[in-house]
Amino acid sequence: QGIETGVGNSRYSGQVTIGTSPGASGGFVMTDPSRGGHSTYDLNGTTSTKSLFTNPTDTWGDGTVANRQTAAVDAAYGAQLTWDYYKNVHGRNGIKDDGVGAYTRVHYSKNYVNAFWDDSCFCMTYGDGTNNVNPLTSIDVGAHEMTHGVTSATADLIYSGESGGLNEATSDIMAAAIEFWANNPEDKGDYLVGEKINIRGDGSPLRYMDKPSKDGKSRDSWSADLGSIDVHYSSGPANHLFYLLSEGSGAKTVNGVNYDSPTADGLPVTGIGREAAAKIWYRALTTYMTSSTNYAAARVATLQAAADLYGANSVTYMNTANAWAGINVGP
Ligand code: ASN
Ligand code: ZN
């Protein structure tokens, strides 16, 4: 765990502690020395002119978007949790496992309704959303973007076709795992993506993992044309796989959210718990998947990972195979 010296008043996660450091000319800067020097910058409505967040005291933001520091607190907190999760749960020391932190930029452009990871700057960037009042800086969005960096540094799944869907799903899967692990009282774990940022204006999340087709576009299970659709929709079956593997099929309530997950073959799936499911996915990603891995190969990769971690004759292994059958990927 890193050292948090700052107090942040975030928009989506309440009051949190964040890693900061003393500024060279007094005050404090949003640079986290205990997590690879990760720094958070203000783009102030531009697309490239960045300044490091500085403050006379070590208390940041006020929970409202009128305060420019608030979105920075959320984004820094998300990056911090993601760093801590990979380190504490998977023994990974930063995105490249070399202890080097990325950096974060907030207030990108104007009315920009997206967030993104970029390998070339080794940084993640967040827009402020529609009318600049819904910054895309929730825990799950931050964890999603930073996980794109981890995927690039490991399997490096090509961002198109089935591998692109698996790349996207890896970001959603690890984001869900991180949100659960963080257990922030204002933003408890769920199998929804972007439920806090009101991206559609009606309070609905961006994506649903129990039944991805609830968004009107994502697929619930594999079919031969999956590689021809947008990667944010071909991620659906793998997101669904992670839900089934974690929680099992059918109706269930977790942290107050109701889910109802169907299977492609109509047969029930028993969940193995989200910690085991995340361990299997992470090991598959970092040990067995390659840039061209497709759904069939991802199944094999996770089964190899399950065999390594739990044994090839384990119930966990069998349930992993059953979960893939539940999204129409079989031997
Ligand atoms: N927010 C999007 C994502 O991380 C940006 C993109 O389309 N790559 O998937
Ligand atoms: Zn993504």
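Values in this document were obtained by computation on a predicted structure and should not be read as measured data.

Criteria and cut-off values
Residues numbered from 1 in each chain as written. Chains lettered and ligands numbered in written order. Predicted model: local features only at pLDDT ≥ 70, side-chain atom pairs only at ≥ 80, totals over all residues. Helix = DSSP H or I, 4+ residues; strand = E, 2+ residues; numbered from the N terminus. Rg over C-alpha atoms; globule rule 2.2 N^0.38 Å. Buried ≥ 20, exposed ≤ 12 C-beta atoms within 10 Å, placed from the backbone. Contact = placed C-beta atoms within 7 Å. Expected span 1.5 Å × (residues − 1). Near = placed C-beta within 6 Å. Pairing = 2+ DSSP bridges. UniProt positions renumbered as here; feature names shortened; annotations may be inferred. Axes fitted to C-alpha atoms, helices over the stretch in contact; angles between N-to-C directions. Parallel < 35°, antiparallel > 145°, perpendicular 65-115°, else oblique. Left-handed = near helix turned anticlockwise from the far one by under 90°. Nonpolar A, V, L, I, M, F, W, Y, C, P; charged D, E, K, R; others polar. Core = buried A, V, L, I, M, F, W, Y, C linked by C-beta atoms within 7 Å. Domains from an automatic or database assignment.

**Q** Break down the overall build of the protein for me, citing the residues and quoting the values.
**A** The helix and strand tally for the protein stands at 8 helices and 16 strands. Computed over the C-alpha atoms, the radius of gyration of the protein is 19 Å, within 12% of the 20 Å expected from 2.2 N^0.38 for a compact globule of 331 residues. Seen through its C-alpha atoms, the protein measures out along the principal axes to roughly 60 × 40 × 35 Å. When the 331 residues of the protein are sorted by exposure, 52% land in the buried category. In the protein, the share of contacts with a sequence separation of at least 24, taken over all contacts with a separation of at least 6, comes to 60%.

**Q** So what's going on with the environment of Pro22? Residues and values would help.
**A** Position of Pro22 among the secondary structure elements: in strand β3 (residues 21-22). In this structure, the C-alpha to C-alpha distance between Pro22 and His232, residues 210 residues apart in sequence, is 40 Å.

**Q** Summarise helix α6 (residues 274-288); cite the residues concerned and give the values.
**A** Between its terminal C-alpha atoms α6 stretches 20 Å, which fits the 21 Å expected from 15 residues at 1.5 Å a residue. Residues of α6 that are buried include every one of Arg274, Ala277, Ala278, Lys279, Ile280, Trp281, Tyr282, Ala284 and Leu285, and no others.

**Q** Pulling in residues and values, what's your account of the site of ligand 1?
**A** Around ligand 1, the surrounding shell consists of Asn114, Ala115, Phe116, His144, Glu145, His148 and Glu168. Within the residue set of the shell around ligand 1, elements represented by two or more residues are β11 (115-118) and α2 (139-153). Residue contributions to the shell around ligand 1 peak at 3 residues, all from α2.

**Q** Give me the lowdown on the sheet that holds β3, citing residues and values where you can.
**A** With antiparallel pairing, 3 strands are arranged side by side in an open sheet as β3-β4-β8. One side of each edge strand has no neighbouring strand; the edge strands of this open sheet are β3 and β8 (54-55).

**Q** Go over the UniProt feature "active site" (unreviewed entry) in the protein with me, naming the residues and quoting the values.
**A** When the UniProt feature table is mapped to this numbering, "active site" (unreviewed entry) covers Glu145 and His232. Taken together, the annotated residues stretch across 88 residues yet fold into one region, lying no more than 13.0 Å apart by C-alpha. Along the chain, Glu145 falls in helix α2. Judged by local crowding, Glu145 falls into the buried class, with 28 C-beta atoms found within 10 Å. Setting aside its immediate chain neighbours within four residues, Glu145 contacts Ala115, Phe116, Trp117 and Met124. Position of His232 relative to the elements: it lies in helix α4 (residues 231-234). With 19 C-beta atoms packed within 10 Å, His232 lands in the partly exposed category.

**Q** Tell me about the sheet that holds strand β2 (residues 15-18), and name the residues and values.
**A** As summarised here, the arrangement of the 3 strands in space is β2-β1-β9, forming an open sheet in which the pairing is mixed. The open sheet has two edge strands, β2 and β9 (59-60), and neither has a second partner. Relative to β9, strand β1 (residues 6-9) runs parallel, the two being bridged by 2 bridges. Following the sheet pairing, Gly8 is matched in β9 by Trp60.

**Q** Residues and numbers for the packing of helix α5 (residues 236-247) against α6, please.
**A** Between α5 and α6, whose axes approach to 7 Å, the crossing angle comes to 135°. By the angle between their axes, α5 is oblique relative to α6. Classified by chirality, the crossing of α6 by α5 is right-handed. Residues Phe242, Leu245 and Ser246 of α5 touch α6, and the partners they reach there are Arg274, Ala277 and Trp281. Among the residues making up the contact of α5 with α6, the classes are represented as 4 nonpolar, 1 polar and 1 charged.

**Q** Describe the nonpolar core, naming the residues involved and giving the relevant values.
**A** Core analysis: the largest hydrophobic core is formed by 84 residues, its most contacted members being Ala72, Ala76, Ile178, Leu241, Phe242, Trp281 and Ala284. In terms of residues, this core owes the most to one element, helix α1 (residues 68-90), which gives 11 residues. Two domains share this core, each providing at least three of its residues, namely domain 1 (10-153) and domain 2 (161-325). Not counting the four nearest positions on each side in its chain, Phe242 is found in contact with Ile173, Met209, Ala277 and Trp281.

**Q** Now, about α1: what can you tell me, with residues and values included?
**A** The end-to-end C-alpha distance of α1 is 34 Å, a good match for the 33 Å that 23 residues give at a rise of 1.5 Å each. Most of α1 is tucked away, with 17 of its 23 residues classed as buried. Where α1 terminates, the next one or two residues include Gly91, which has phi positive at roughly 70°.

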